[in-house]
Amino acid sequence: MFDKGNLKYFSIGLISLFLSGLFKLIGYLNPNVLIINNFVILLLVFGPALLVTIILVFNKFSNS
């Protein structure tokens with residue numbers, strides 16, 4: 001049913017479901033721990049996109 005190529009994706013899915021359930025349980029048991037301010041949300045949303053953009057621009061200028 002699962003070969004080695006699909007086992008990698010299957011295990012990533014299981015690990016992500018386990019982590020999301022764990023965070024949901026921690027947030028349910030102690031709700032004050034997971035309070036996030038707006039600055040952290042902005043960094044989590046736009047930080048990776050900004051980092052990828054900087055890498056792409058540097059690669060474009062270094063290859064020219």
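Keep in mind that this is a model prediction, so the values were computed, not measured. (Residues numbered from 1 in each chain as written. Predicted model: local features only at pLDDT ≥ 70, side-chain atom pairs only at ≥ 80, totals over all residues. Heavy atoms only, no water.)

### A word on the overall build of the protein
What counts, and what does not: Helix numbers and strand numbers start at the N terminus; a helix is a DSSP run of H or I with at least 4 residues, a strand a run of E with at least 2. The classification of residues rests on relative accessible area computed with a 1.4 Å probe and restricted to protein chains. Under 20% of the type maximum is buried, over 50% is exposed, and intermediate values are partly exposed. What sets the accessible areas is the Shrake-Rupley method with a 1.4 Å probe; for residues, cover comes only from the shown protein chains.
Summing up its helical and strand segments, the protein has 2 helices and 0 strands in all. Across the 64 residues of the protein, 0% fall into the buried class. In the structure as shown, the protein presents an accessible area of about 6200 Å², 75% of it carried by carbon and sulfur atoms.

### Remarks on helix α2 (residues 38-63)
Put simply, the rule reads: By this rule the span expected of a helix is its residue count minus one, scaled by 1.5 Å.
Under the 1.5 Å per step criterion, the end-to-end length of α2 is 37 Å for 26 residues, consistent within 8% with the ideal 38 Å. For α2, the tally of buried residues reaches only 0 of 26 residues, placing the bulk of the element at the surface.

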